[in-house]
Amino acid sequence: MWGDWHQVWEIVSQPDNVPIVALLFLVPFYVWYACRQAFATDRLIAQLETDPQLAKTHHRKVFPWKAGWDREVHVWPYLMRIEFLAAIIVTIILMVWSITLNAPLEEPANPNLTMNPAKAPWYFLGLQEMLVYFDPWIAGVVMPTLIIIGLMVIPYVDANPLGNGYYTYRQRRFAIWTFLFGFLFLWVIMIVIGTFIRGPGWMWFWPTQTWDHNRLEFAVNRNLDQIVGIDGSWLAHLLPQTLKASSPIIARAIFGIFPLVLYVILAAYLIHLICNLTAFSRKIYKRMTLLQIVTVQVLLVLMLSLPVKILLRLLFRIKYIWVTPWFSI
Amino acid sequence: MPKENGGNKRTGLLEKVQEDAKALKEFFREKGKEELEGLKEPEKTQLFRSIFRVKHDETPRNRALSVLTNLFFHLHPAKINRDAVRYSYTWGMGGITFYLFVVLTFTGVLLMFYYHPTKIQAFRDILYLENDVPFGKLLRNMHRWAAHLMIIAVWLHMFRVFLTGSYKRPREFNWCVGVILMVLTLLLSFTGYLLPDDQLGFWAVTVGTNMARATPLLGHEGPFGAQLGMTPYNDVRFALLGGSIVDANALLRAYIWHCIAIPLIAAIFMGVHFWRVRKDGGISGPSPVMLESEIKEEKGPRPVILRPSGMR
């Protein structure tokens with residue numbers, strides 16, 4: 001049933017969903033806030049680049065500056081008062097929030113009564129949403145590990161010395177797009193989908209669609225080898241008698257390697273092209289060591305696999321690319 | 001005679017006492033007046049000076065000293081870049097995160113007075129807290145919402161640090177410490193989720209820890225787990241829960257991780273994080289822009305991990 005605004009209200013007004021509603025406003029606001037300053041800096045950079053004489057005398061910040069002003073200010077009181085004010089404002093927000101909205105408390109824990117949908121805490125819903133597209137060992141273990149490693153590796157693979165200590169877009173296009181893609185699309189939007197879209201049985205319910213607990217979804221997803229029609233019949237001719245029975249399994253396991261390798265090559269080449277898009281990015285690329293390039297490639301190929309898998313699922317209803325007896329991807 | 005003498009003595013003594021009392025009164029009045037006058041300048045009192053050591057006035061020296069001679073303030077430098085105090089640059093999210101950690105520690109300790117991490121009592125304790133403890137509901141609400149807010153603040157802090165390129169040299173390592181702190185924040189929140197022992201926490205933690213089953217090599221449903229002898233009774237999920245299901249042991253483990261272990265670890269990393277902010281030259285900016293033409297050409301490849309002697 002569509003047009004069910006009560007359902008929307010029920011989801012949005014869940015006390016634990018309030019942070020995500022807040023996130024929906026806070027994240028776009030701060031993206032805009034950062035962009036505004038980045039573009040202001042970029043205009044200054046463009047001005048200084050065309051006017052070398054000005055670059056020698058300008059104080060090189062977007063903030064106002066007059067000769068004779070002190071370069072530094074005392075922490076007491078100029079910083080302390082801001083921190084004090086911030087603490088007071090946060091306390092007031094917390095107080096009002098805590099008085100008006102109660103922390104949720106459901107029935108006592110009951111292992112025999114499954115919650116439907118059973119959702120992880122909101123900040124892990126991105127990982128839970130990933131479970132739709134990947135097996136738990138990838139979505140729950142490999143991907144989180146890669147996110148942590150990938151984040152920690154950033155300062156050691158970013159060979160671009162510009163943009164240290166000021167907002168800019170021009171000087172760091174690749175880094176900013178990569179981070180925005182990861183943070184906004186693969187993390188925040190996945191959380192939003194997990195919160196507002198996923199209903200009973202982790203099925204997709206559009207906003208204003210009623211959560212139907214009796215809805216059934218027929219499994220129409222197929223593995224890539226099924227679509228291509230790999231049944232191991234011709235492999236059986238090559239195998240010895242003892243292995244003939246398992247020829248479909250072996251054929252599938254061998255077949256899956258090819259699309260995977262194809263993906264890695266294509267994705268790596270695409271990343272290579274993006275890394276060398278402009279004269280400036282080519283200059284930065286040249287500064288990178290082999291180790292840095294390989295690290296960036298490995299991490300970005302793995303990161304791209306998530307949107308690619310989502311598209312394969314949504315467009316072609318593909319479940320697995322590579323099926324082996326031990327794991328499937 | 002003796003009567004008279006005695007009478008004289010008595011009246012003499014009385015007069016002397018009266019005189020003394022008068023003098024004392026005068027003395028106290030004078031002193032009191034003087035000291036009350038002195039209280040108009042409390043920073044001159046011994047009490048004030050013993051605590052703060054520095055006069056509270058507007059001289060540059062004393063403004064600097066008031067930061068440097070205070071344990072809680074001395075994490076700050078005495079002076080900072082005039083633009084670094086602008087909210088537009090910092091968004092204040094790191095400081096807010098730390099403040100929320102303090103709020104959570106405070107409310108958390110109060111909550112611990114009313115909570116037993118056992119299957120029989122945990123849920124009842126929450127009901128008791130909400131219905132009978134004075135301000136108990138407010139306390140629990142504040143703890144929960146501060147936790148949610150802290151996660152948002154951590155993400156926005158990381159977002160700001162990335163967009164200003166503050167992770168670049170020389171702050172690479174502090175970025176890594178920050179990533180660890182973010183993970184610890186998420187883990188703190190996650191372990192706290194189970195503690196009310198209600199359906200919400202139970203199923204959230206069940207969903208969360210079920211993923212540990214699928215850990216490659218170490219989980220009994222993960223790739224090559226079964227081949228390595230993993231069962232529901234010896235794999236990594238068993239270690240996390242202290243059992244094969246989310247039950248009493250899991251509650252106790254979550255409690256200890258949540259209240260003792262992770263806060264301690266986080267506090268240590270926080271200390272390192274703040275200390276490194278100072279040691280790496282204070283907050284990153286807003287610094288003067290650098291132009292493309294000013295990039296120094298690197299001589300040969302830049303060794304990132306292996307840095308042989310003699311190389312920059």
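Residues numbered from 1 in each chain as written. Chains lettered and ligands numbered in written order. Predicted model: local features only at pLDDT ≥ 70, side-chain atom pairs only at ≥ 80, totals over all residues. Heavy atoms only, no water.

Caption draft 1: Structural context of the interface of chain B and chain A. Each partner contributes residues to the interface: chain B has 103 residues there, and chain A has 107 residues. For the pairing of chain B and chain A, the buried interface totals around 10,200 Å² over both sides, and the portion due to carbon and sulfur atoms is 70%. The largest per-residue losses of area from chain B upon contact with chain A belong to Arg82, Trp145 and Trp155 of chain B, which jointly make up 8% of the total buried on that side. Joining chain B to chain A, the criterion identifies five salt bridges. Residue Arg144 of chain B pairs with Asp16 of chain A through a salt bridge whose shortest N-O separation is 2.7 Å. At the junction of chain B and chain A, the tally comes to 50 residue pairs in polar contact (both at pLDDT 80 or more). Counting residues per element, the side of chain B that touches chain A draws most heavily on helix H7 (residues 136–163) of chain B, which supplies 19 residues. Here the residues of the side of chain B that touches chain A sort into 63 nonpolar, 17 polar and 23 charged. Note that strand E1 (residues 72–74) of chain A and strand E1 (residues 79–81) of chain B share three bridges and pair antiparallel. Along E1 of chain B, the bridge assignment pairs Val73 of chain A with Ile80 of chain B. (Contact = heavy atoms within 4.5 Å. Buried area = accessible area lost by both parts, 1.4 Å probe. Salt bridge = Lys/Arg side-chain N within 4 Å of Asp/Glu carboxyl O. Polar contact = N/O pair within 3.5 Å; in protein donor to acceptor, adjacent residues only side chain to side chain. Helix = DSSP H or I, 4+ residues; strand = E, 2+ residues; numbered from the N terminus. Nonpolar A, V, L, I, M, F, W, Y, C, P; charged D, E, K, R; others polar. Pairing = 2+ DSSP bridges.)

Caption draft 2: The arrangement of the packing of helix H2 (residues 18–50) of chain A against H7 of chain B in detail. Close contact between H2 of chain A and H7 of chain B brings their axes to 11 Å; oriented N to C, the two are set at 20°. Compared by their axis directions, H2 of chain A and H7 of chain B come out roughly parallel. Crossing of H2 of chain A over H7 of chain B shows right-handed handedness. The residues of H7 of chain B that touch H2 of chain A, namely those facing Pro19, Leu23, Leu26, Tyr30, Val31 and Ala34 of chain A, are His148, Ile152, Trp155, Leu156, Phe159 and Leu163 of chain B. (Axes fitted to C-alpha atoms, helices over the stretch in contact; angles between N-to-C directions. Parallel < 35°, antiparallel > 145°, perpendicular 65-115°, else oblique. Left-handed = near helix turned anticlockwise from the far one by under 90°.)

Caption draft 3: Broad picture of helix H9 (residues 199–213) of chain B. Helix length check: H9 of chain B (15 residues) gives 21 Å between terminal C-alpha atoms against 21 Å at 1.5 Å per residue, within 8%. Burial analysis of H9 of chain B places twelve of its 15 residues in the buried class, the great majority of the element. Those residues of H9 of chain B not exposed but buried are Gln199, Leu200, Gly201, Phe202, Trp203, Ala204, Val205, Thr206, Val207, Thr209, Met211 and Ala212 of chain B. On its buried face, H9 of chain B sits against helix H6 (125–130) and helix H7 (136–157) of chain A together with H7, helix H8 (172–194) and helix H10 (236–241) of chain B. (Expected span 1.5 Å × (residues − 1). Buried < 20%, exposed > 50% of the residue type's maximum accessible area, 1.4 Å probe, protein only.)

Caption draft 4: A look at the nonpolar core. Residues Trp122 of chain A together with Trp155 and Trp175 of chain B are the most contacted members of the largest nonpolar core, which totals 109 residues. With 17 residues, H7 of chain B is the largest single contributor of residues to this core. If near-sequence neighbours (up to four positions away) are discounted, Trp155 of chain B is found in contact with Leu23, Trp122, Tyr123, Phe183, Trp187 and Ile191 of chain A together with Met182 and Leu186 of chain B. Among the nonpolar cores identified, the runner-up in size contains 23 residues, and Ala159, Tyr166, Cys275 and Ile293 of chain A belong to it. (Core = buried A, V, L, I, M, F, W, Y, C linked by side-chain atoms within 4.5 Å.)

Caption draft 5: Representation of the side chain of Thr107 of chain B. Within the secondary structure, Thr107 of chain B sits in helix H5 (residues 93–112). Among all residues touching Thr107 of chain B, those that are not within four sequence positions of it are Leu139, Met142 and His143 of chain B.

Caption draft 6: Fine view of the domain arrangement of chain B. One can read the domain layout of chain B as domain 1 (2–65) and domain 2 (92–283). Its C-alpha centre places domain 1 of chain B at a distance of 57 Å from the equivalent point of domain 2 of chain B. (Domains from an automatic or database assignment.)

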